[in-house]
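Residue-level listing of the chains:
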Amino acid sequence: QPRSVGSSLPAVNVSWTDAVSYCNALSRELRLQEAYVISPSGVSFNGLEVNGYRLPTEAEWDRALRGDSVDLAGAERESELDELPWSAENSGRTLHPVALRRPNAWGLYDMLGNVSEWVFDWYVEGDWECPDADPIGPSEHQDVMPFSTPQVSPARAVKLEAKGKTTRGGSYLDASEYLKTGGHARGLDPKTRSPTVGFRVARTAAQLAANLRRTLG
């Protein structure tokens, strides 16, 4: 079961589907636009221009982890990184309340360790060519350009089959060496509920949302 109301523990045992449903419910409660259309056939995304709550994209999550640094090594010295995450080496292999470790450079707690976090993107194996600005990951079944050959002709595009929804950040059961890589992506079935997986919510900043609506409108 998810954690009880008022608990300082992060929410876990929450599927990706549960997480997007929560985001929509929170948006409705606060009279914001819903980010997702949820139906028996699946979930569709209303776009980054929506002002309601949603899961971060993997690109947003990674930027939140690294802040203004290009790579994690530049964001945190290794000695400092040891202070940040709950990992298999220091957690006692159990879940911990939020915000007990030092936050990262942007003031965000537990980006690494404690619980892995759902993001919006489908998980595919291998690198692929994505937009430079605001990528939201490939669709579940999509022909994409391999990253290693950016000049390849469209006829040689490859089909990457989604292997589930993406999680990032690692958990209290992961080794610190894995967390120091930035808790790279893993794919899970979107209906999976795990004691090591939770989520955090995001919103598009109001001015950015307005600019996106004008651009797309």
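These numbers were taken from a predicted model, which means no experiment stands behind them. (Residues numbered from 1 in each chain as written. Predicted model: local features only at pLDDT ≥ 70, side-chain atom pairs only at ≥ 80, totals over all residues. Heavy atoms only, no water.)

**Student:** Can you help me understand the packing of aromatic side chains in this one?
**Tutor:** Here the distance between the centres and the angle between the planes together describe a pair of aromatic rings. For the structure on display, the rule yields five aromatic pairs. Relative to Phe120, the ring of Phe45 lies with its centre 4.7 Å away and its plane at 40 degrees, an arrangement referred to as tilted. Within this pair, whereas Phe45 is found in strand 2 (residues 42-45), its partner Phe120 is found in strand 3 (residues 116-122), the two being separated by 75 residues in sequence. In terms of burial, Phe45 and Phe120 fall into one category: buried. Through successive ring pairs, a cluster of aromatic residues spans Trp16, Tyr36, Phe45 and Phe120. A cation over an aromatic ring shows up here: Arg101 above the ring of Trp86, its NZ or CZ 4.4 Å from the ring centre. (Phe/Tyr/Trp six-rings, centres within 6.5 Å; stacked < 30°, edge-to-face > 60°. Helix = DSSP H or I, 4+ residues; strand = E, 2+ residues; numbered from the N terminus. Buried < 20%, exposed > 50% of the residue type's maximum accessible area, 1.4 Å probe, protein only. Lys NZ or Arg CZ within 6 Å of the ring centre and 35° of its normal.)

**Student:** Would you explain the nonpolar core in this entry?
**Tutor:** One recurring pattern in soluble globular proteins is that nonpolar side chains are buried together. Among the nonpolar cores identified, the biggest contains 19 residues, and Trp16, Tyr36, Phe45, Leu55, Trp118, Phe120 and Phe199 are the most heavily contacted of them. In terms of residues, this core owes the most to one element, helix 1 (residues 16-29), which gives five residues. For Phe199, the residues in contact, after removing those within four places along its chain, are Ala11, Val14, Ala19, Tyr22, Leu55, Glu117 and Trp118. (Core = buried A, V, L, I, M, F, W, Y, C linked by side-chain atoms within 4.5 Å. Contact = heavy atoms within 4.5 Å.)

**Student:** Help me understand the pairing of strand 2 in this model?
**Tutor:** Strand residues, when the strand is regular, have side chains that alternate between the two faces of the sheet. When strand 1 (residues 36-39) meets strand 2, the two strands line up antiparallel, connected through four bridges. Note that in strand 2 the partner of Ser39 across the bridge is Gly42. Hairpin remark: strand 1 followed by strand 2, antiparallel, with two residues in the connecting loop. (Pairing = 2+ DSSP bridges.)

**Student:** Can you walk me through the sheet that holds strand 7 (residues 186-188) in this structure?
**Tutor:** Picture the strands of a sheet paired through backbone hydrogen bonds; they go either parallel or antiparallel. With mixed pairing, the four strands of this open sheet are ordered in space as 7-6-3-8. Bordering the open sheet on either side are strand 7 and strand 8 (197-198), each of which pairs with just one other strand. Pairing between strand 3 and strand 8: two bridges, direction parallel. From the neighbouring strand, Glu117 faces strand 8, where its bridge partner is Gly198.

**Student:** Explain the side chain of Ser91 here, please?
**Tutor:** Here Ser91 is to be found in the loop between helix 4 (78-81) and strand 3. Residue classification places Ser91 among the buried positions, given a relative accessible area of 3%. At a separation of 2.9 Å, a polar atom in the side chain of Ser91 contacts the main-chain amide nitrogen of Arg93. Excluding residues within four positions of it along the chain, Ser91 makes contact with Trp86, His96 and Tyr172. (Polar contact = N/O pair within 3.5 Å; in protein donor to acceptor, adjacent residues only side chain to side chain.)

**Student:** What is the right way to look at the pattern of salt bridges in this model?
**Tutor:** Side chains that carry opposite charge are capable of pairing whenever their charged atoms lie near each other. Under the definition given, this model contains nine salt bridges. Across the pair Glu60 and Arg54 runs a salt bridge, and its minimum N-O distance is 2.7 Å. A relative accessible area of 29% means that Glu60 is categorised as partly exposed. For Asp174, the salt bridge identified is with Arg186, shortest N-O distance 2.9 Å. Of this pair, Asp174 sits in the loop between strand 6 (165-168) and helix 5 (176-179) while Arg186 sits in strand 7, and the two are twelve residues apart along the sequence. Classification of Asp174 by relative accessible area gives buried; the value is 10%. (Salt bridge = Lys/Arg side-chain N within 4 Å of Asp/Glu carboxyl O.)

**Student:** For this particular structure, what's the right way to read unusual backbone geometry?
**Tutor:** Keep in mind that most residues, glycine aside, have a negative phi and that most peptide bonds are trans. At Asn13, a residue that is not glycine, the phi angle is positive and equals roughly 55 degrees. One can find Asn13 in the segment before helix 1. We note that Arg31 has phi near 60 degrees; this positive angle belongs to a residue other than glycine. Tracing the chain through its elements places Arg31 in the loop between helix 1 and strand 1.

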